[in-house]
Each structure stands twice: as C-alpha cells, then as structure tokens.
Amino acid sequence: MDECIFCKIVLGQLPAKFVYQDDDIIAIKDIHPKAPIHLLVMPRKHRESLKDIKREDQEVLGKLLLVVQKVAADAKIAEDGYKVFINSGHDAGQIVFHLHLHVLGGWKKAPRWDV
Ligand code: 5GP
Ligand code: ZN
C-alpha cells in the first residue's frame with residue numbers, strides 16, 4: 001500500500017489530472033490513454049483488486065458506477081457510448097494493484113487517420 005501509485009495520487013503525493021473527487025472516490029485521466037477519452041475511476045480506500053473487496057465496500061462499489069455515469073456525461077461520451085472495464089489480477093493485465101475502473105470512449109470525435 002505504501003508503494004501504491006494510486007494511493008499516492010489519492011493523497012496528493014503524485015500529480016494527476018483529476019476529473020472528479022469526493023470523500024470516497026476519485027477519477028483521473030489515464031497517463032497513457034488507449035482511447036480519445038480514457039479515465040480511471042477508483043475508491044480512495046486501497047483494495048488491490050476485486051478479490052479483496054469486502055461486504056463493507058458495497059456502498060462505495062455501487063457509487064463507483066454512478067461516478068462513471070457522471071464523468072462520462074461530463075466528458076460528453078455518454079450519448080455515443082463508452083466501455084467500462086476492470087482488470088482484476090495479473091492474468092487480466094492489471095498493472096496497478098489498486099482497484100480501478102477504466103472508462104474509454106470518444107472514438108467518433110477522434111481524428112481519422114484514413115482520410
Ligand atoms: P491496469 O492495467 O492496472 O488495469 O491499468 C492501469 C492503468 O493506469 C493503465 O492504463 C496506465 O496507463 C495507468 N497508469 C499507470 N500509472 C499511472 C499514473 O501514474 N498516472 C495515471 N494517471 N495513470 C497511470
Ligand atoms: Zn492503493
């Protein structure tokens with residue numbers, strides 16, 4: 001937990017581009033976006049992955065999706081649609097072991113490389 005980069009972002013010890021924050025949740029821009037809009041939504045409280053969530057996390061876990069809804073609307077990708085996913089564990093490609101939801105979208109408005 002001490003070496004968790006997302007905990008450091010939560011604590012303001014590492015910079016990030018915040019798009020949302022409240023007492024339980026933050027949302028930031030992904031540093032290496034894989035889509036025109038790529039946001040990461042996460043609980044402030046450290047949980048390594050889905051294997052570590054507890055019953056007491058239920059409320060925050062539900063709230064994460066409401067924050068996804070809000071940041072997607074703010075980023076103007078709600079109408080066209082967007083992907084939401086969690087990489088949970090090594091085999092899924094998780095590289096930062098602080099539970100987070102990826103929100104990707106904005107393809108329609110992206111520059112086209114084939115014109
Ligand atoms: P994972 O594979 O763990 O689900 O995804 C981790 C994501 O975090 C990756 O998309 C990666 O680009 C992003 N990331 C890694 N380090 C940083 C960082 O220091 N700041 C931000 N904003 N994103 C990061
Ligand atoms: Zn953490």
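All values reported here derive from a predicted model rather than from experimental measurement.

A. Representation of the sheet that holds strand β3 (residues 37-43) in the model. If you trace the five strands from one edge of the open sheet to the other, you get β1-β2-β3-β5-β4, paired in antiparallel fashion. Among the strands making up the open sheet, the edge pair consists of β1 (18-21) and β4 (82-85). Taking the axes of each pair of neighbouring strands and ignoring which way they run, one obtains an average angle of 15° across the sheet. Examined bridge by bridge, strand β2 (residues 25-29) and β3 share five bridges and lie antiparallel to one another. Within β3, the position partnered with Ile28 by the bridge is Leu40. Across the sheet, helix α2 (residues 58-74) lies against β1, β2, β3, β4 and β5 (101-105), angled at about 155° from β3, the strand it touches most.

B. Seen up close, the pairing of β2. In terms of burial, β2 is largely enclosed, as four of its five residues are buried. Two elements, β1 and β2, share three bridges in a ladder whose sense is antiparallel. Along β2, the bridge assignment pairs Tyr20 with Ala27. Linking β1 to β2, which pair antiparallel, is a turn of three residues.

C. Molecular detail of the pairing of β5. The element β5 is extensively covered by neighbouring structure, given that five of its five residues are classed as buried. By the alternation rule, side chains of β5 split into Leu101, Val103 and Gly105 and His102 and Leu104, which are all buried. When β3 meets β5, the two strands line up antiparallel, connected through five bridges. Bridge pairing in β5 places Leu40 opposite His102. Bridge analysis of β4 against β5 gives four bridges, and the strand direction is antiparallel. Bridge pairing in β5 places Phe85 opposite His102.

Procedures and definitions
Residues numbered from 1 in each chain as written. Chains lettered and ligands numbered in written order. Predicted model: local features only at pLDDT ≥ 70, side-chain atom pairs only at ≥ 80, totals over all residues. Heavy atoms only, no water. Pairing = 2+ DSSP bridges. Helix = DSSP H or I, 4+ residues; strand = E, 2+ residues; numbered from the N terminus. Axes fitted to C-alpha atoms, helices over the stretch in contact; angles between N-to-C directions. Contact = heavy atoms within 4.5 Å. Buried < 20%, exposed > 50% of the residue type's maximum accessible area, 1.4 Å probe, protein only.

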